[in-house]
Amino acid sequence: MPAPPSPAKPLLTLAACIALTACEPPSPQSELFTQDPDASTSTTEFQTTYTIDAATPLLLDLRGSTTGDPYALTCAQNELVVGLRGRVDSTVGALGLICARMLENGTFTNHDERPMIGGTTGEAFSSECPQSEAVIAVRGRAASTLDRIGVRCARVRPWVQMGAPGSIEPSFGGTGGVPFTETCPPGYFLQGLLGYAAGAVHSTQSLCVPIVT
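Residues numbered from 1 in each chain as written. Predicted model: local features only at pLDDT ≥ 70, side-chain atom pairs only at ≥ 80, totals over all residues. Heavy atoms only, no water.

Caption draft 1: Quick peek at the overall build of the protein. A count of helices and strands for the protein gives 4 helices and 13 strands. Within the span of the protein, comprising 213 residues, buried residues form 37% of the whole. Across the protein, the fraction of contacts at a sequence separation of at least 24, relative to all contacts at a separation of at least 6, is 67%. For the protein, the accessible surface area stands at approximately 11,800 Å², while carbon and sulfur atoms represent 57% of it. (Helix = DSSP H or I, 4+ residues; strand = E, 2+ residues; numbered from the N terminus. Buried < 20%, exposed > 50% of the residue type's maximum accessible area, 1.4 Å probe, protein only. Contact = heavy atoms within 4.5 Å. Areas by Shrake-Rupley, 256 points an atom, 1.4 Å probe, with all protein chains shown as cover.)

Below, the structure is given as structure tokens:
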């Protein structure tokens, strides 16, 4: 007569099933409710807003001479300079701004050309930042006149938070004068140019404004 089945086998089978269940990876559904440790950082980053503080401008050094009549080229209070335009031959004969309104997330609306000062001779030029950048520096050559001019740009967040500059755009004009670069401090962007002009542009002075968060 066969021996009765041992009760140990069902118990071992049950124990094995319990052990296997405990070793199974969590179901995809449970992973959906796992908190992302970086979630709060990402949310904070996207919620950062940027505002132009036009009430506290900073003037950099004048480059060129004080010959002619004073001029002031400025964008609106909610705008920054995103490029320069004008006319050049061996010197800068005319100069104007290209402005864009800055949005709260640090990006810009379409570039908008503004009226120029100076003369009407020479070859037309335009030096613009990429769509996501604005001007942080004016560079060129100058002595008794403004001989050459160009810009350097930056994105808002890297320049404000890390002082990281962006693209260097081509410069236009002649080879006379002394080379210069006037750079706004980290966190500041160009909002206007001052200087002197009489038939041609004799000097330029950068007007920078801070960006606050």
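Caption draft 2: Spatial organisation of the packing of aromatic side chains. Following the criterion strictly, the structure yields 1 aromatic pair and no others. Ring centres of phenylalanine 125 and phenylalanine 172 lie 4.9 Å apart, and the angle between their planes is 25°; on these two criteria the pair is classed as stacked. With a gap of 47 residues between them, phenylalanine 125 in strand β7 (residues 123-128) and phenylalanine 172 in strand β10 (residues 172-173) connect regions that are remote in the sequence. (Phe/Tyr/Trp six-rings, centres within 6.5 Å; stacked < 30°, edge-to-face > 60°.)

Caption draft 3: A look at the nonpolar core. Core analysis: the biggest nonpolar cluster contains 24 residues, and Val81, Leu84, Leu95, Leu97, Leu146, Ile149 and Leu193 have the highest contact counts within it. Elements represented by at least two residues in this core include exactly β3 (69-74), β4 (79-88), β5 (92-101), β8 (134-142), β9 (146-154) and β12 (188-197). Formed by 18 residues, the second largest nonpolar core is a distinct cluster that contains Val82, Ala154, Leu207 and Ile211. (Core = buried A, V, L, I, M, F, W, Y, C linked by side-chain atoms within 4.5 Å.)

Caption draft 4: Highlighting the state of the cysteines. Taken as a whole, this structure holds 3 disulfides when the rule is applied. Here cysteine 129 engages in a disulfide with cysteine 153; their sulfurs sit 2.0 Å apart. Here the S-S torsion is close to -85°, and the disulfide linking cysteine 129 with cysteine 153 is therefore left-handed. Note that cysteine 129 is positioned in the loop between β7 and β8 and cysteine 153 in strand β9, a separation of 24 residues in sequence. Considered together, cysteine 129 and cysteine 153 belong to a single accessibility category, that of buried residues. The disulfide that involves cysteine 184 links it to cysteine 208, with 2.1 Å between the sulfurs. Linking cysteine 184 and cysteine 208, the disulfide has an S-S dihedral of approximately -75° and is accordingly described as left-handed. With cysteine 184 in the loop between β11 (178-183) and β12 and cysteine 208 in strand β13 (residues 203-212), this pair connects stretches of sequence that are 24 residues apart. Across this residue pair, the class does not change: cysteine 184 and cysteine 208 are buried. Disulfide partners in the protein, listed by the sequence order of the bonded cysteines, are 1-2, 3-4, 5-6. (Disulfide = S-S within 2.5 Å.)

Caption draft 5: Here's a closer look at the sheet that holds β10. As summarised here, the arrangement of the 4 strands in space is β10-β9-β8-β11, forming an open sheet in which the pairing is antiparallel. Each edge of the open sheet carries a strand with a single partner, namely β10 and β11. Where β8 lies against β9, 8 bridges are found, and the strand directions are antiparallel. Counted as the bridge partner of glycine 140 is isoleucine 149 from β9. (Pairing = 2+ DSSP bridges.)

Caption draft 6: Main features of the pattern of salt bridges. Applying the stated criterion across every chain, the model contains 4 salt bridges. In this structure, arginine 85 and glutamate 113 form a salt bridge, with 3.7 Å as the shortest nitrogen-oxygen distance. Taken together, the positions of arginine 85 in strand β4 and glutamate 113 in strand β6 (residues 112-118) put the pair 28 residues apart, joining distant regions of the chain. Taking the relative accessible area as the measure of exposure, glutamate 113 reaches 47% and is therefore partly exposed. Aspartate 112 is the partner of arginine 114 in a salt bridge, and the nearest nitrogen-oxygen pair spans 3.0 Å. Three or more residues joined by partner-sharing salt bridges are found here, namely Glu79, Asp112 and Arg114. (Salt bridge = Lys/Arg side-chain N within 4 Å of Asp/Glu carboxyl O.)

Caption draft 7: A look at the sheet that holds β7. Taken together, the 4 strands give an open sheet; going across it, the order is β6-β5-β4-β7, and neighbouring strands pair in antiparallel fashion. Because the sheet does not close on itself, it has two edges, and the strands there are β6 and β7. Within the sheet, the average angular offset between the axes of one strand and its neighbour, ignoring direction, is 25°. Where β4 meets β5, 9 bridges bridge the pair, whose relative direction is antiparallel. In the strand pairing of β5, arginine 85 is matched with glycine 96. (Axes fitted to C-alpha atoms, helices over the stretch in contact; angles between N-to-C directions.)

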